[in-house]
Amino acid sequence: MAARRPRVLTLSAKESLILQLLVRHDHAYGLELVSASRGRLKRGTVYVTLGRMEEKGYITSRLEDAPAKAGGLPRRIYTPTALGRQVLEAWSQPAKFLIPAVTR
Amino acid sequence: MSAAAGRFRRFFLRHCSAATMERLVDPILTDIEIESRTAAFRGQRWASRWIRATGAIALFKALALYGWARFWSIREWQVDDRRVLLRTLAYSTAATVATILLSMIPFVLRSPAERAQELAPYLVPQALPYALAVGPFVGLLYGLRGRVVSLRPQAAMMVVVVLCSIASFVALAWVVPAANQVFRVAVSRDVWIVKGAAEMTIGELSAAIGAANVIDGRATGLAAHYHLRLALAAAPIVLALWALILVPRLPNQRLVIGVVAIASCVAHYNLMWTGHGAVLRETLPPIAGAWLPTLVFVAAILLLARRTPNDEGRTAPSAVTP
């Protein structure tokens, strides 16, 4: 899927959370993000947000090698891109400065 | 993949694009399938079922969100769709303005020039409700003619039509009665002139019907006005649906479309006043008389919808399947 960079780089709160989780874990699949978010991400919306972020070029995805115990089903694994890391960094710097207690 | 998940996947494969399958359906189905199998492997059968059930809901929710966002994202629209929508909106606006002006002509011709100039603005609200029904109807007939039209511009126009219907209701309920009263005061130069049914707001009309029923049970005239306003507010939607059903069945000839448009509007207008007259003569109950044109047009729409248009290729399959 070709990533289309938006004219203005935007990062919603949900996208930021996903990027933070992906940066922390390096890579993850959809439901892993839902459980790691402790209820802040929902099953019904996380995949839509992931798709949008992939379109923006913040993350990239690939199919994992299918584990034998799962009946040969390959999961889609999401990884943050360099752009995604930069956007998160740019977003979190002023946030850290303004509201250190929240982002700590 | 389990049999149920496989059935789900085959169903979505038929209806969704490759991108949607790759981005949404397959990741969700796979994640849920693996979670569910893991739970079953641990002997948690109910947990496994619960994961499948919530997963199915999540999948439909994701598809609905994704489809909705893509549907309304103008950037995702094809150039042709945008052109069709703009063309339809332009025709609709022109037809709405023309209908308002045309409906004012009889009064302007009958009155002295100075008086006509002074009073004409008060007639605009009165002309507006019917113009809001006729305008989008004509706009749809001319805007969509001779085109392969996807679902997007049609749905966008239906949203516009619903907004027209709401605007029409607001006008009929409050604006038109106020304008009518101002007009009557201006004509009679009597500020104490008593309001008639046409000058009452929808709330006043409802209260007057209640009072008349209590006093002598003769509220037919008031009830006729009340239901007529509601039915007229629904007219933009009915006529728009009529236009959408007609478009693929009409030849791409301006004259033919014009004749059909005028004939439809005249038929609707006559049915409306025929029904109103029948209510006043007490041959029809107020609700039936007011909704007579709606009933006739809905019957015609259902009748035509059951028949396949001659030129099946005119209406393209939706390009917006999520």
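Residues numbered from 1 in each chain as written. Chains lettered and ligands numbered in written order. Predicted model: local features only at pLDDT ≥ 70, side-chain atom pairs only at ≥ 80, totals over all residues. Heavy atoms only, no water.

**Student:** Please give an account of the overall build of chain B that cites residues and values.
**Tutor:** For chain B, the helix and strand inventory stands at 11 helices and 0 strands. When its helices and strands are written in sequence order, chain B yields α-α-α-α-α-α-α-α-α-α-α. Among the 322 residues that make up chain B, the fraction classed as buried is 45%. Contacts in chain B between residues at least 24 apart in sequence constitute 76% of all its contacts with a sequence separation of at least 6. Taken as a whole, chain B presents about 16,900 Å² of accessible surface, with 67% of it coming from carbon and sulfur. (Helix = DSSP H or I, 4+ residues; strand = E, 2+ residues; numbered from the N terminus. Buried < 20%, exposed > 50% of the residue type's maximum accessible area, 1.4 Å probe, protein only. Contact = heavy atoms within 4.5 Å. Areas by Shrake-Rupley, 256 points an atom, 1.4 Å probe, with all protein chains shown as cover.)

**Student:** Quick rundown of the side chain of S264 of chain B? Include the residues and the values.
**Tutor:** All names here are of chain B. Mapping S264 onto the fold places it in helix α9 (residues 254–280). On the accessibility criterion, S264 (6% relative accessible area) is buried. Setting aside chain neighbours within four positions, we find S264 in contact with F137, W242, L246 and F297.

**Student:** Kindly report on the pattern of salt bridges, identifying the contributing residues and their values.
**Tutor:** All names here are of chain A. Enumeration according to the criterion identifies 13 salt bridges over all chains in this entry. Notably, a salt bridge pairs D26 with R85, separated by 3.5 Å at the nearest N-O pair. One end of the pair, D26, is in the loop between α1 (13–25) and β1 (28–29); the other, R85, is in helix α4 (residues 82–98), with 59 residues separating them in the sequence. A relative accessible area of 38% means that D26 is categorised as partly exposed. On the basis of relative accessible area, R85 is assigned to the partly exposed category, the value being 34%. (Salt bridge = Lys/Arg side-chain N within 4 Å of Asp/Glu carboxyl O.)

**Student:** Please give an account of the sheet that holds β1 of chain A that cites residues and values.
**Tutor:** The strand order across the open sheet built from 3 strands is β1-β3-β2 (chain A), with neighbouring strands paired in antiparallel fashion. Each of the sheet's edge strands pairs with one partner strand only, and the pair in question is β1 and β2 (59–63) of chain A. Bridge count between β1 of chain A and strand β3 (residues 76–80) of chain A: 2 bridges; the pairing is antiparallel. Directly across from A28 of chain A, in β3 of chain A, lies its bridge partner Y78 of chain A. Its contacts with the sheet place α1 of chain A against β1, β2 and β3 of chain A, and it is angled at close to 95° to β3 of chain A. Docked against the sheet, helix α2 (residues 18–41) of chain B engages β1 and β3 of chain A, running at close to 115° with respect to β3 of chain A. (Pairing = 2+ DSSP bridges. Axes fitted to C-alpha atoms, helices over the stretch in contact; angles between N-to-C directions.)

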